[in-house]
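Listed below, chain by chain, are the residues.
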Amino acid sequence: HDQHDHRPKEGDALGALLVPSQTALVAGTQNLTHYIAAKIVFFDLRDVFVARLYFPQPSACPLTTFLAQDGDLDRILTEMSGELLGHDGFGELLWGVLEQICANIVKACEWCLIGDQMGSLDRRFSHEEDASVVLEDMMALRQYFVQKDEDGNTNGLDEEVVAHKISRMEILANQVLQEPTDALLTMYYDRNTPERDDRQMVTRETIAGALARRQEKGAKDFTKEHRRKKKGGA
């Protein structure tokens, strides 16, 4: 009468337990990955990536300053790698954390270049020089996380993964930062330019962020009016 036996099999019960457990494990790993990466970039190295990076302008304190061997970032990543690799099964977590740290550094660069400015951290940029500094920084960031040896072998993150993470910054440098103020103002008022779009970098939001750091009269007048409208909720 086996075909009438509807009692759960031992394997079914184990499956019912394992599936949510695996889901919880994956979610927990992702949360831990984001936590460690955020802690390192935005808290442990806050002075580097929030206060000093690109201040008062990109050429004065480029990202390459902080990618030096034996620098603060290098030291913290070496310590973290040693701790994680000292435990069985944590190697995969390490690669995930490194990938997220790379993404967070890109976020920090973007915030410094076009994000809302905070108090005394008032960054002042010019266009052509800044764009070239940012592009050089992205090349250096790629080399730092990919770690190619003389034979072309990759010892770090997958090159395509890193290239994808820095692509936003390359587009920002090439299509927004290097444009003169008059061109940016024309782009801003073009009715085809979206207000905000996470899938692209040429938006009114990014253009306004770039103009807020310019010293020309046209940029200053625009920024003053833009802030007045935002404050008024227009």
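Note: the structure precedes this text.
Residues numbered from 1 in each chain as written. Predicted model: local features only at pLDDT ≥ 70, side-chain atom pairs only at ≥ 80, totals over all residues. Heavy atoms only, no water.

1. A word on helix 9 (residues 217-231)
Working note: α-helix, 3.6 residues per turn, so residues spaced by three or four point in the same direction. Its 15 residues place the ends of helix 9 21 Å apart at the C-alpha level, agreeing with the 21 Å of an ideal helix rising 1.5 Å per residue. Among the residues of helix 9, Ala-219, Phe-222, Thr-223 and His-226 are the ones counted as buried. Down the axis of helix 9, the smallest arc covering the buried residues is 100 degrees, so these residues share one side. Residues of helix 9 that are exposed and point over 90 degrees away from its buried face: Lys-217, Lys-224, Arg-228 and Lys-231. Buried positions along helix 9 lie against helix 7 (181-189) and helix 8 (204-211). (Helix = DSSP H or I, 4+ residues; strand = E, 2+ residues; numbered from the N terminus. Expected span 1.5 Å × (residues − 1). Buried < 20%, exposed > 50% of the residue type's maximum accessible area, 1.4 Å probe, protein only. Arc of directions from axis to C-beta. Contact = heavy atoms within 4.5 Å.)

2. Some details on the packing of aromatic side chains
According to the stated counting rule, one finds 5 aromatic pairs in the structure shown. Each ring, one from Tyr-188 and one from Tyr-189, has its centre 5.1 Å from the other, and the planes form 80 degrees; the classification is edge-to-face. Since its relative accessible area comes to 56%, Tyr-189 is described here as exposed. Pairwise contacts between aromatic rings join Tyr-188, Tyr-189 and Phe-222 into one cluster. (Phe/Tyr/Trp six-rings, centres within 6.5 Å; stacked < 30°, edge-to-face > 60°.)

Function cannot be read off these values alone, since they describe shape.
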